[in-house]
Amino acid sequence: MPLVDTKKMFEMAYKNGYAVGAFNVNNMEITQGIVDAVAEEKAPLILQISRGARKYASMSYLMAIIDVAVKENPDIPIAVHLDHGDTFEICKQCVDEGFTSVMIDASSLPFKQNVDTTAKVVEYAHSNGVVVEAELGQLGGIEEDIEGVSSDEVSKHLTDPDQAIEFVNSTGCDSLAVAVGTSHGAYKFKTVPKLAFDVIEKISKRLPGFPLVMHGSSSVLKEFKDLINKYGGNMPDAMGVPEEAISKAAKMAICKVNIDTDLRMALTAKIRQVFAENPAEFDPRKYLGPGRAAIKSMVKHKLNVLGCNGKAAECL
Ligand SMILES: [Zn+2]
């Protein structure tokens, strides 16, 4: 089947209490690791591409890789999503290139400008059959060139539920990324974070059925942090969002959970291990291969945390 948008996925995720994993792709091995995992777990999938990924790999290469993934997995619904588009122009370009979903992140602008920019993207995207994710509130941490508030400040910049209702009603966006205490990157928190489940609940009470999105939701898994540090890396203070909290949010109105840092760490941990244990190795297949396998097993685990394993068929 061709690429799909996220409408059906979110409808089923909302109704049946799970979230769809949105995984960032930058090259062939990362994409293959993710796609092999969803194929085995029979999960719906959102592959997302950041502006940084577009620059690094070029869109034509990424789309060609994704095309193969789609052809080889006819039973898996796959959406291609722009992660953190910051202007109307980049969103338009992605719509024109065949993305099935785009994010316009104008959350750093004042409310009214965020509404106007988002509404303009929604109008163009919808007229081309593409869905739109928007963002309201400020996340913490740093992701590529997107710098959020500092980790200790996260709880002061949560999405305001009243504003969220007004924002959704006046923009017509299809899903909304909310700030509920998560944070981008590997160095999210100094202590275990508490997510603002009350914000999710308040929004879902007043917008029943409307899908919410959680960014900055990698868990910074201990097994990979330990491997990286054991084999010459230096990530001593990395800490993420506990998986129990992610599972709980997924059962609520959170229908999409973004994962990037955990992919990077799985790949890096495995490559470091191969290099440390086999210093004579110089065949890229001998370290990228195990890296890809590490991504696959990490993603399989995540799909279970999100509860979307076994849900591919109902999302078709
Ligand atoms: Zn994000």
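One can find the structure itself at the top, above this paragraph.
In short, a report on the structure. All residue numbers refer to position in the chain's written sequence, counted from 1. Under the rules for a predicted model, residues below a pLDDT of 70 receive no local features and side-chain atom pairs below 80 are neither given nor counted, while totals for whole chains, interfaces and linings still include all residues. Water and hydrogen atoms were dropped before computing side-chain values, which therefore reflect all heavy atoms in the structure.

Considering the side chain of Asn24
And step 1. The residue Asn24 is located in strand E1 (residues 20–24) in this model.
And step 2. For each residue, the accessible area found with a 1.4 Å probe, counting protein chains only, is set against the maximum for its type, and the residue is called buried under 20%, exposed over 50%, and partly exposed in between. Using a relative accessible area of 4% as the deciding quantity, one classes Asn24 as buried.
And step 3. When residues no more than four places from it in sequence are discounted, the contact partners of Asn24 are Ile30, Ile34, Gln48, Ser50, Asp83, Ile259, Asp260 and Leu263. Only DSSP runs of H or I reaching four residues or more are called helices, and only runs of E reaching two or more are called strands; each is numbered from the N terminus. By definition, residues are in contact when any of their heavy atoms lie within 4.5 Å.

Description of helix H11 (residues 261–277)
Think of an α-helix as 3.6 residues a turn; residues three or four steps apart then line up on the same face.
And step 1. The span you would expect from a helix comes to 1.5 Å times its residue count less one. Relative to the 24 Å expected for 17 residues at 1.5 Å per residue, H11 spans 24 Å between its end C-alpha atoms, a close match to the ideal helical length.
And step 2. Along H11, the positions that sit buried rather than exposed are Thr261, Asp262, Leu263, Met265, Ala266, Leu267, Ala269, Ile271, Gln273 and Val274.
And step 3. Looking at the packing, one finds that the buried side of H11 touches E1, helix H2 (28–41), helix H9 (222–230), strand E11 (254–259) and helix H12 (284–306).

Looking at the pattern of salt bridges
And step 1. By convention in these notes, a salt bridge is any Lys or Arg side-chain nitrogen within 4 Å of a carboxyl oxygen on Asp or Glu. Summed over all chains, the structure comprises 15 salt bridges.
And step 2. We note a salt bridge from Glu133 to Lys256, for which the minimum N-O separation is 2.7 Å. Residue Glu133 is found in strand E5 (residues 131–136), and its partner Lys256 is found in strand E11; the two are separated by 123 residues along the sequence. Both residues of the pair, Glu133 and Lys256, count as buried.
And step 3. In the salt-bridge network here, residues are joined through shared partners; they are Glu40, Glu41, Lys296 and Lys300.

What about the coordination of the zinc ion?
And step 1. Any nitrogen, oxygen or sulfur atom within 2.8 Å of a metal ion counts as a donor, with the limit raised to 3.2 Å for Na, K and Ca, and since water is left out, coordination shells can look unfinished. Taken together, the protein ligands of the zinc ion are His84 (NE2), His184 (NE2) and His215 (ND1), with distances of 2.0 to 2.1 Å.
And step 2. On the primary sequence, the residues serving as donors to the zinc ion are separated as H-x99-H-x30-H. Placement of the pair is His84 in strand E3 (residues 78–85) and His184 in strand E9 (residues 183–184), with a sequence separation of 100 residues.
And step 3. With relative accessibility at 2%, the residue His84 sits in the buried group.

Some details on the state of the cysteines
Cysteine pairs can be covalently joined through their sulfur atoms, and such a bond is termed a disulfide.
And step 1. Any two cysteine sulfur atoms lying within 2.5 Å of each other are counted as a disulfide. Scanning all chains against the criterion turns up zero disulfides.
And step 2. Here Cys94 is not disulfide-linked; the sulfur of Cys91 is the nearest cysteine sulfur, at 6.8 Å.
And step 3. Here Cys173 stays free of any disulfide, with the sulfur of Cys91 as its closest cysteine sulfur at 12 Å.
And step 4. Relative accessible area serves as the criterion here: at 5%, Cys173 is assigned to the buried category.

Thoughts on the pairing of E1
And step 1. For E1, the tally of buried residues reaches five of five residues, placing the bulk of the element in the interior.
And step 2. Judged by which residues are buried, E1 turns out to be covered on both faces: Val20, Ala22 and Asn24 on one side and Gly21 and Phe23 on the other are all buried.
And step 3. Sheet analysis places E1 next to strand E2 (residues 45–50), joined by three bridges and oriented parallel. When the sheet's bridge partners are listed, Phe23 is paired in E2 with Leu47.
And step 4. Classification remark: right-handed applies to a crossover when, strands pointing away from the viewer, the course from the first strand over the helix to the second runs clockwise. In this fold, the crossover linking E1 to E2 by way of H2 has right-handed handedness. Note on pairing: DSSP must find at least two bridges between two strands before they are called paired.

Overview of the side chain of Gln48
And step 1. Its place among the elements puts Gln48 in strand E2.
And step 2. Note on Gln48: relative accessible area 0%, which makes it buried.
And step 3. Pairs of N or O atoms are called polar contacts if they sit within 3.5 Å, as long as, within protein, a hydrogen donor faces a hydrogen acceptor (for residues adjacent in sequence, only side-chain-to-side-chain pairs). At 3.2 Å, the side chain of Gln48 forms a polar contact with the side chain of Lys256.
And step 4. Not counting the four nearest positions on each side in its chain, Gln48 is found in contact with Ala22, Phe23, Asn24, Val25, His81, Asp83, Lys256 and Asn258.

Purely spatial values, then, with no claim about function.
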